[in-house]
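# Topology and contacts: notes
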Amino acid sequence: VRASFFFNGLNFSDICFRTDAILTDEGLKLVEVNVGTSIGGWQIQWMDESFRQFEGYRDFFDHHAVTCRNTPVTFFRFLIDSAAKVARGGKLNILVKVMQGFDPAGYGDFLKQFIAQAVRESGVDCEIGFFASYRELQINHEGTFHLGRKVHLVTFGGVNGDQEPPLELLRSVLAGKIACPDFPTYAVLSDKRCMALLHHAAQNGLLSEREAAFVRRYVPKTYVLGGPLYSSSVRDELLANKDRYVIKQSNGMQGIDVYVGRFMPDQDWRGIIANLHNPQMWIAQAYCESKKFYGHSGNSRDVFNFVWGVFQFGDRFGGSWIRMMQQAGKYDGVINSARGAQERIVYEAAR
């Protein structure tokens, strides 16, 4: 089913994603691609004002002309551009689904200044609202409606959440009646096995030499742990070189079920490999060790491991953020906000 989307012409111009990369001694290595509107991190623009008001950073800002890409505004402008492609004039209505447990009114209030700026910059008559359940939508042959108003774009929020989008809505997206940056690209590109397919293609002459060199340079070696691409040689490689690999689910989130070999006893590592449930849904990826950087810690500084997250909204660069875990203490090789990583925005400076 996923392959059929490619064969029938998948539009890559209206997608948003965040690439997570680790800066190693060998350069940047792409460890994950997070696709769709549920990607985290773009909401933390409030840090810009906080940092600029912090006394300890004032001297830095006084002496360096740095800027911060406004990621939320870029995100909402992307939604407006996407909605305009399916609308036939008139006012645009955009609906953003909040994840389970969030209050739509409170979520919208938190982001209202960014929404207002995006609407002003776009020059389009547009309203952006939030909803919690697909039951609020009415879908028929004329389109998708919410509170009696036709909707031109809808997001799916947390695609792995408690609610699946109704089939009627998916059909409307494929028919071009409503825009959606989450479907079908999320189903195709969010699967971490894509990186294993890239390496398989690079190693077997299915890419040009330039493309293969690009994969080898930026994408860590990745294997699927079940199915036709798995072999005894892959298993032997993982067992013999525990400290070089990480095992994780192909559709995992928030650092759950991630096993970093160098931080595990050999017996536990072998047990994980031998007892994977649905092994074809798991990957092994070469471990990428972060270069160490100093970071703010209490009233001083400490050494941290970094993951760089880079946002892309359609054809717009959306800025970057950082997640950072202290090297000292209980660091287990996983750098994720849900596991306690600190979050920071990134400032840009002219060369």
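Not measured: the values here are computed from a predicted model.

Within the protein, the regular secondary structure consists of eleven helices and 16 strands. Taken over the C-alpha trace, the protein has a radius of gyration of 22 Å; the compact-globule value for 351 residues is 20 Å, and the two agree within 12%. With respect to the three principal axes, the spread of C-alpha positions in the protein is 60 × 55 × 40 Å. Buried residues in the protein amount to 47% of all 351 residues. Summarising the internal contacts of the protein: among those between residues at least 6 apart in sequence, 66% fall at separations of at least 24.

On to the side chain of K248. One can find K248 in strand β10 (residues 245-249). Reaching out from K248, the side chain makes a polar contact with the side chain of Q285 at a distance of 3.2 Å.

Turning our attention to the pattern of salt bridges. Per the counting criterion, the structure on display carries 20 salt bridges. Across the salt bridge formed by R69 and E348, the nearest N and O atoms sit 3.0 Å from each other. Taken as a pair, R69 in the loop between α3 (58-63) and α4 (71-84) and E348 in the segment after β16 (342-345) lie far apart in primary sequence, 279 residues in all. A salt bridge links R77 to E121, with the nearest nitrogen and oxygen atoms 3.5 Å apart. Taken together, the positions of R77 in helix α4 and E121 in helix α5 (residues 104-122) put the pair 44 residues apart, joining distant regions of the chain. Accessibility expressed as a relative area gives 39% for E121, which makes it partly exposed.

Glancing now at the nonpolar core. Ranked by size, the top nonpolar core spans 37 residues in total, and within it W42, F76 and I94 carry the most contacts. Contributions of two or more residues to this core are made by α2 (46-53), α4, β3 (92-97), α5, β4 (126-131) and β14 (300-313). Here this core takes seven residues from α4, the largest share from any one element. In this view, F76 contacts W42, L111, F114, I115, A118, I128 and F130; residues no more than four positions away in its chain are not counted.

The antiparallel open sheet is built from four strands, whose spatial order is β9-β12-β10-β11. On the outer flanks of this sheet lie β9 (222-224) and β11 (258-260), each paired with one strand and no other. Taken over all neighbouring pairs, the strand axes of this sheet differ in orientation by 20 degrees on average, direction set aside. Here five bridges tie β10 to strand β12 (residues 282-286), and the two strands are oriented antiparallel to one another. Within β12, the residue paired with K248 across the bridge is I283. Along the sheet, helix α8 (residues 193-203) contacts β9 and β12; its crossing angle with β9, the most-contacted strand, is approximately 110 degrees.

Quick look at the packing of aromatic side chains now. Within the structure shown, the criterion is met by 18 aromatic pairs. Centroid distance F51 to Y57: 5.7 Å. Interplanar angle 90 degrees. Geometry classified as edge-to-face. For F51, a relative accessible area of 16% gives the class buried. Measuring from ring centre to ring centre gives 6.4 Å for F311 and W321, while their planes differ by 45 degrees; the resulting arrangement is tilted. With F311 in strand β14 and W321 in strand β15 (residues 316-326), this pair connects stretches of sequence that are ten residues apart. Here the two residues F311 and W321 agree in accessibility, since each one is buried. Seen from the ring of Y134, K97 lies directly overhead, with NZ or CZ sitting 5.3 Å from the centre.

Let's shift gears to the pairing of strand β5 (residues 137-140). In terms of strand pairing, β5 meets strand β6 (residues 143-146) through four bridges, oriented antiparallel. Note that in β6 the partner of N140 across the bridge is G143.

Conventions used here
- Residues numbered from 1 in each chain as written.
- Predicted model: local features only at pLDDT ≥ 70, side-chain atom pairs only at ≥ 80, totals over all residues.
- Heavy atoms only, no water.
- Helix = DSSP H or I, 4+ residues; strand = E, 2+ residues; numbered from the N terminus.
- Rg over C-alpha atoms; globule rule 2.2 N^0.38 Å.
- Buried < 20%, exposed > 50% of the residue type's maximum accessible area, 1.4 Å probe, protein only.
- Contact = heavy atoms within 4.5 Å.
- Polar contact = N/O pair within 3.5 Å; in protein donor to acceptor, adjacent residues only side chain to side chain.
- Salt bridge = Lys/Arg side-chain N within 4 Å of Asp/Glu carboxyl O.
- Core = buried A, V, L, I, M, F, W, Y, C linked by side-chain atoms within 4.5 Å.
- Pairing = 2+ DSSP bridges.
- Axes fitted to C-alpha atoms, helices over the stretch in contact; angles between N-to-C directions.
- Phe/Tyr/Trp six-rings, centres within 6.5 Å; stacked < 30°, edge-to-face > 60°.
- Lys NZ or Arg CZ within 6 Å of the ring centre and 35° of its normal.

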